[in-house]
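# Examination of the molecular architecture
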Amino acid sequence: MRLILLGAPGAGKGTVAKLLTQIDGSVQISTGDILRGAVQAGTELGKQADAYMKAGDLVPDDLIMGIMETRLQEPDCAKGFLLDGFPRTIPQAEALKVLLNKLGIKLDVVANIEVPREEILNRLTTRRTCSNTSCQAIYNVRSNPPKVAGVCDKCGSPVIQRDDETDEAISKRLDTYFEKTAPLIEFYRQEGLLLVVDSPASEGVVDAIQQRIAAGA
Ligand code: AMP
């Protein structure tokens, strides 16, 4: 499948993407994960992105499009991809449209996961992430804690609170989402690709996406 997952930070895009990858071998592409990996590795991209990310701001569109142009042409994307956290702005969505046309790729669906702002705030402040950049498993101290406190079940690395998940950065990220990313909902509605899902559980979101893809197949 080839799809975009839209939704505010904390809406569950990453969790849904991970469940979907198990269905047909499509790869999850998270620009946030790629950027965090680059920051930790100290690459040129990481150095350029770091300050924006810590402040809860978006990284400039040209940097993101550079990443995605390369990533979408890697061989593992041939089976399909789940875009998680990209596009984030109208210019990124427009550039993606041009890029996909050039590559001869058609999207199946753009799923917008709707979660009330209060629930998002609740989830983000209690979210914890595996610090190993090739794992980045997600936990929640209330609803899904690791078996041993502070230790990743999957790879044994420390589980941490992200730098951009302080109250201040979270509030900034949500403002940025409503200002810059929420307009994509209308953009993809007009493209005829939008599916709105408001299921509280990730499994419900996955079911709705599968049904839509099956109906469109
Ligand atoms: P995420 O893990 O998707 O919430 O992303 C974490 C941070 O990475 C965001 O707050 C942005 O600073 C940056 N980021 C991730 N994806 C994008 C994108 N598509 N465009 C701009 N900045 C991004």
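Parameters at a glance
- Residues numbered from 1 in each chain as written.
- Predicted model: local features only at pLDDT ≥ 70, side-chain atom pairs only at ≥ 80, totals over all residues.
- Heavy atoms only, no water.
- Near = heavy atom within 4 Å.
- Polar contact = N/O pair within 3.5 Å; in protein donor to acceptor, adjacent residues only side chain to side chain.
- Areas by Shrake-Rupley, 256 points an atom, 1.4 Å probe, with all protein chains shown as cover.
- Helix = DSSP H or I, 4+ residues; strand = E, 2+ residues; numbered from the N terminus.
- Nonpolar A, V, L, I, M, F, W, Y, C, P; charged D, E, K, R; others polar.
- Pairing = 2+ DSSP bridges.
- Axes fitted to C-alpha atoms, helices over the stretch in contact; angles between N-to-C directions.
- Contact = heavy atoms within 4.5 Å.
- Core = buried A, V, L, I, M, F, W, Y, C linked by side-chain atoms within 4.5 Å.
- Buried < 20%, exposed > 50% of the residue type's maximum accessible area, 1.4 Å probe, protein only.
- UniProt positions renumbered as here; feature names shortened; annotations may be inferred.

### Examining the site of the ligand
Contacts to the ligand come from 16 residues, most closely from Thr31, Arg36, Asp57, Gly85 and Gln92. At a separation of 3.1 Å, an oxygen atom of the ligand approaches a polar side-chain atom of Arg88. When isolated, the ligand has an accessible area of 480 Å², and the protein chains bury 96% of it. Looking at the shell around the ligand element by element, the count peaks at four residues for helix α2 (residues 31-41). Its residues assigned to classes, the shell around the ligand shows six nonpolar, four polar and six charged.

### As for the sheet that holds strand β2 (residues 27-30)
Strands in a sheet are paired, the pairing made by backbone hydrogen bonds, and the direction either parallel or antiparallel. What the five strands build is an open sheet, ordered β2-β3-β1-β4-β8; its pairing is parallel. Lying at the two open borders of the sheet, with one neighbouring strand each, are β2 and β8 (194-197). Here the average twist between neighbouring strands, direction ignored, is 20°. In terms of strand pairing, strand β1 (residues 2-6) meets strand β3 (residues 81-84) through four bridges, oriented parallel. The partner of Ile4 across the bridge, within β3, is Leu83. Seen against the sheet, helix α8 (residues 183-190) touches β1, β4 (109-113) and β8 and runs at an angle of roughly 145° to β1.

### A word on the nonpolar core
Core analysis: the biggest nonpolar cluster contains 53 residues, and Leu72, Phe81, Leu83, Tyr188 and Ile209 have the highest contact counts within it. Tallying contributions element by element places helix α4 (residues 61-71) first for this core, with five residues. Within the second largest apolar cluster, six residues are counted, among which are Cys135, Ala137, Tyr139 and Cys152.

### Topic: the UniProt feature "domain: Adenylate kinase active site lid" (unreviewed entry) in the chain
Within this numbering scheme, the UniProt entry marks residues 127-164 as carrying the feature "domain: Adenylate kinase active site lid" (unreviewed entry). The distance separating the terminal C-alpha atoms of residues 127-164 is 11 Å; by composition the span is 0% helix and 24% strand.

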